[in-house]
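Results of the structural survey
Each chain is listed here by its residues.
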Amino acid sequence: MTHTKISMAQALNQALRDAMTADESVVMFGEDVGALGGVFRITDGLTAEFGDKRCFDTPLAEAGIVGMAVGMAMNGMRPVVEMQFDAFGYPAFEQVVSHVAKMRNRTRGRVQLPMVIRIPYGGGIGGVEHHSDSSESYFAHTPGLTVVTPATVADAYGLLRKAIEFPDPVVFMEPKKLYWAKEEVDLTELQPGIGTAVVRRDGADATLIAYGPAVPVALEAAEVAAAEGRQLTVVDLRSVVPFDDETVCAAVRRTGRAVVVAEASGFASVSSEIVARVTEKCFHSLAAPVRRVTAFDIPFPPPKLEKYQLPSVDRILDAVDDLQWEDS
Amino acid sequence: MTVEEHLLPSAEPVCLIDQNGVPHDHPSYRLPTKEALLDGYTQLIRGRRFNDQASALVRQGRLAVYPSSFGQEACQLAATMVLRDGDWLFPTYRDSVSIMSRGVDPIETLTLLRGDWHSGYDPYEHKVAPQATPLATQLPHAVGVAHAARLKGEDTVVMALVGDGGTSEGDFHEALNFAAVFQAPVVFFIQNNEYAISVPLARQSAAPSLAHKGIGYGIPGERADGNDLAGLLAVLGQAVKKARAGEGPQLIEAHTYRVQAHTNADDASRYRQDDEVTPWLDRDPIERLTTYLEQQGWLDDDVRATAEAGAVEVAAQLRDGLMPEPEVDPADLFAHLYAAETQQLQQQAAFLRDELAREEA
């Protein structure tokens, strides 16, 4: 395949299509994923192409969707399910935490659950209440889950293909504000392995550690900082669990300063875990405490107020400015 | 018959052999064969002994806890007797007798309750899902297994067990609804033993019966005397047959009673009186079947001896298997989380190994 300019939504759709073509045990189901193609059109055309036994609508009940996927995975299928929106996935929480995450462990590896739970997440699209949550920390906190989130079109395709092939359940978090971002991509290129972070930009002065929807904001901030004479490295985690300590710590040790950028609220979150890990492992390389730019510890605001909640270029640059440069 | 009538359970629980051992004709169900009833008798004697021995082993500290199904053995055994080898059973924590009767090793059946691991048996070997301790969460899994089987063109039936308390959970509702919409071959079998720990049925549901709950989903409901093995075999057997024939999910409620406390850790005297329990002792599933078989002249010395030998064997298996302290390996804590252990877990496993090595040194 040659380079084509497609959106993240199209890349995810292509990944599902290619996975379903490659392996007939892959099935896709959820709410409105059939004729409509999903509210974000990620499953567009799949029912028409593969039939309604391979891509189908279910009753409107998220615990039922995830629970049924558990049983289908137990019985030889590779289900991919869609939670329509981040906060609409919470009814499935018990199934995810008590069964999806634990089945391999409680059966000593005899029952494996190769399944993917796709969750469009995050703000920035003007969604009304319960349409903009960043729920990754709940899943990252749960042993047994693998949690990945792409920030680029190419990674959206590659990570979803890997997630569907993965032997264990994957919570696949899709940054919905990036659904329509287009890139020139070659989908036949090497796909990222689950558990590997990537350095998106190299710079010697400080490291921005970001994932999902925060990555483009971090890259933009790095661009502005460069114009102002400060060179920033940007690490895109891609995989929250497993966590790539090596790539993150190598960047922090090289630069001596770090800011974690995340769209979720900061308290007891993935971002606080990153700060703890970096501090524990890179203390002697740090010239300043690791700073965070996260959302406030408040419920996600209404659309007219969401710009105050989301990480911004200015907040990132202010945090970088705060990294005790005068002492070095 | 209207659609609604087709979904309605019988006016009274189906009973083919009453508590006095007297057989009754039924317009829709026939008495099982002599062979089936004699097999059932043998299994009942063994199942009862399993319950008694497991309870005794709790008192001796060999099991962490045991939710006894004393008095519910007919339900537990009928649920598996009507299945084929390729069918699946989705049990709850109280269904050890069901699991064992499926062919699972009795010691592996009790691994969860002994506390050396969460589940001891290979679910694929006898098609028995891991016992669920959260309520009703196994029911959507049962629907998934059944739906996958159907997509693959297999004629598998899934027997999904739940208690009266479990019918209040959202997962019960979602599982029945999904099963009905997808016409999944699942038999949902409620053992209504009147209590969810201390809370009586009246506080769980205001429905005329739990079998009536099928109507709202478009699932035919039926109810049976839960202490009558003959009636249970007939009702569950027909439900399995219908599910296998492509008629979709079935809902069966057995009326039984939890004769003993919830577990050894429970004190039933705080919420019910002995005079409530006493009449249920007269409805015991073993006594009535014994009476019937004796009156038919089918219960000869050979059958009795075979049944007793099975009971003695399972009791010995439990005593011998559970008396030694189980060997546990701390390294197992990290072994089964992911197909490929993460670097972080490798580090934590190494930490524990070092800690244990220091303690030994």
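Residues numbered from 1 in each chain as written. Chains lettered and ligands numbered in written order. Predicted model: local features only at pLDDT ≥ 70, side-chain atom pairs only at ≥ 80, totals over all residues. Heavy atoms only, no water.

Short version of the rule: UniProt positions are given in the numbering used here, feature names are shortened, and annotations may be inferred rather than shown by experiment.
Per an unreviewed UniProt entry, chain B goes by the name 2-oxoisovalerate dehydrogenase subunit alpha and belongs to Kribbella soli. Taken verbatim from the UniProt record of chain B, the Sequence similarities (unreviewed entry) comment is "Belongs to the BCKDHA family." Its UniProt record gives chain B the following Function (unreviewed entry) comment, quoted word for word: "The branched-chain alpha-keto dehydrogenase complex catalyzes the overall conversion of alpha-keto acids to acyl-CoA and CO(2). It contains multiple copies of three enzymatic components: branched-chain alpha-keto acid decarboxylase (E1), lipoamide acyltransferase (E2) and lipoamide dehydrogenase (E3)."

The name given to chain A in an unreviewed UniProt entry is Alpha-ketoacid dehydrogenase subunit beta, with the source organism recorded as Kribbella soli. Turning to chain A, the UniProt annotation filed under Cofactor (unreviewed entry) states: "thiamine diphosphate".

Brief notes about the overall build of chain A
What counts is decided by this rule: Where helices and strands are cited, they refer to DSSP runs of H or I of at least four residues and of E of at least two residues respectively, numbered from the N terminus. Buried, partly exposed and exposed residues are distinguished by accessible area as a fraction of the type maximum, computed with a 1.4 Å probe on protein chains only: under 20%, between the cut-offs, and over 50%, respectively. Any two residues having at least one pair of non-hydrogen atoms within 4.5 Å are treated as being in contact. Working definition of accessibility: Shrake-Rupley area with a 1.4 Å probe, residue cover restricted to the visible protein chains. By the counting rule applied here, Lys and Arg register as positive and Asp and Glu as negative, while His and the ends of each chain are not counted. Charge coordinates come from a single atom per side chain, which is NZ of Lys, CZ of Arg, CG of Asp or CD of Glu.
A tally of helices and strands in chain A yields eleven helices and 14 strands. If one aligns the C-alpha atoms of chain A with their principal axes, the spans along those axes are about 65 × 45 × 40 Å. Residue burial in chain A is summarised as follows: out of 328 residues, 62% are buried. Sequence separation of at least 24 residues holds for 82% of the intrachain contacts in chain A that already meet a minimum separation of 6. Entry remark: accessible area of chain A is about 12300 Å², with carbon and sulfur atoms responsible for 52%. Here chain A contributes 31 positive and 44 negative side-chain charges, whose respective centroids are spaced 4 Å apart.

A word on the nonpolar core
Quick note on the threshold: Side-chain atoms within 4.5 Å are what join buried Ala, Val, Leu, Ile, Met, Phe, Trp, Tyr and Cys residues into a set we call a nonpolar core.
Residues A:M74 and B:F188 are the most contacted members of the largest nonpolar core, which totals 88 residues. Ranked by residue count, the leading element in this core is helix 3 (residues 62-74) of chain A, at eight residues. The residues contacting A:M74, other than those within four sequence positions of it, are A:M103, A:V111, A:L113, B:W88, B:F90, B:Y124, B:A129, B:P130 and B:V145.

Focus: the pairing of strand 13 (residues 258-265) of chain A
Residues and elements named next belong to chain A. The following threshold applies: A strand pair is defined by DSSP finding two or more bridges across the two strands.
Most of strand 13 sits inside the fold, with seven of its eight residues counted as buried. Judged from the four bridges that link them, strand 10 (residues 206-210) and strand 13 form a sheet pairing that is parallel. Looking at strand 13, one finds that I209 is bridged to V260. The pairing of strand 13 with strand 14 (residues 291-295) spans four bridges and is classified as parallel. From the neighbouring strand, V261 faces strand 14, where its bridge partner is V293.

Some remarks on the domain arrangement of chain A
Residues and elements named next belong to chain A. Quick note on the threshold: Segmentation into domains, and thus their bounds, comes from an automatic or database assignment. Buried area is calculated as the accessible area (1.4 Å probe) missing from two parts once they are joined, with the contributions of both summed. When a carboxyl oxygen of Asp or Glu is within 4 Å of a side-chain nitrogen of Lys or Arg, the pair counts as a salt bridge. Pairs of N or O atoms are called polar contacts if they sit within 3.5 Å, as long as, within protein, a hydrogen donor faces a hydrogen acceptor (for residues adjacent in sequence, only side-chain-to-side-chain pairs).
Its domain assignment divides chain A into domain 1 (4-185) and domain 2 (198-327). Listed as interface residues are 27 residues of domain 1 and, on the opposing side, 22 residues of domain 2. Interface of domain 1 and domain 2: buried area, both sides summed, is about 1800 Å²; carbon and sulfur atoms make up 59% of it. Here K177 and E263 are joined by a salt bridge, their closest N and O atoms 4.0 Å apart. Put simply, domain 1 and domain 2 have ten residue pairs in polar contact (both at pLDDT 80 or more) between them. At the level of elements, helix 6 (136-140), strand 6 (146-148) and helix 7 (153-165) are the ones that each hand at least two residues to the side of domain 1 that touches domain 2.

Here's the deal with the interface of chain B and chain A
On the chain A side, the residues contacting the 43 residues of chain B number 44 residues. The junction of chain B with chain A conceals about 3600 Å² of combined surface from both sides, 59% of it contributed by carbon and sulfur atoms. The interface formed by chain B and chain A contains one salt bridge. For A:R108, the salt bridge is made with B:D332, and the minimal N-O distance between the two is 2.8 Å.

Digging into the environment of A:V252
Along the chain, A:V252 falls in helix 9 (residues 245-255). Beyond its immediate chain neighbours, meaning those up to four positions away, A:V252 contacts A:T207, A:I209, A:R257, A:A258, A:V278, A:C282 and A:L286.

Let's talk about a nonpolar patch on the surface
As a reminder of what qualifies: Without a salt bridge and with relative accessible area above 30%, a residue can belong to a patch; like charges are then joined within 9 Å and nonpolar side chains (Val, Leu, Ile, Met, Phe, Trp, Tyr) within 5 Å.
On the surface, a cluster of nonpolar side chains totalling about 270 Å² of accessible area is made up of A:Y90, A:F93 and A:Y138. Relative to the assigned elements, A:Y138 resides in helix 6.

Side note on the pattern of salt bridges
Opposite charge on two side chains allows them to pair when their charged atoms are near. Residue and element names in this part refer to chain A. Overall, the coordinates contain 28 salt bridges over all chains when judged by the stated rule. Across the pair R200 and D155 runs a salt bridge, and its minimum N-O distance is 2.6 Å. Remark: D155 occurs in helix 7 and R200 occurs in strand 9 (residues 198-201); sequence separation between them is 45 residues. R200 sits in the partly exposed class, given a relative accessible area of 29%. Using a relative accessible area of 5% as the deciding quantity, one classes D155 as buried. Among the salt bridges present, the one from R277 reaches D245, with a minimum N-O distance of 2.8 Å. On the criterion of sequence distance, the pair formed by R277 in helix 10 (residues 270-282) and D245 in helix 9 is long-range, its members being 32 residues apart. Accessibility expressed as a relative area gives 6% for D245, which makes it buried. What you see here is one network of salt bridges that share partners, running through D155, R200, D236 and R238.

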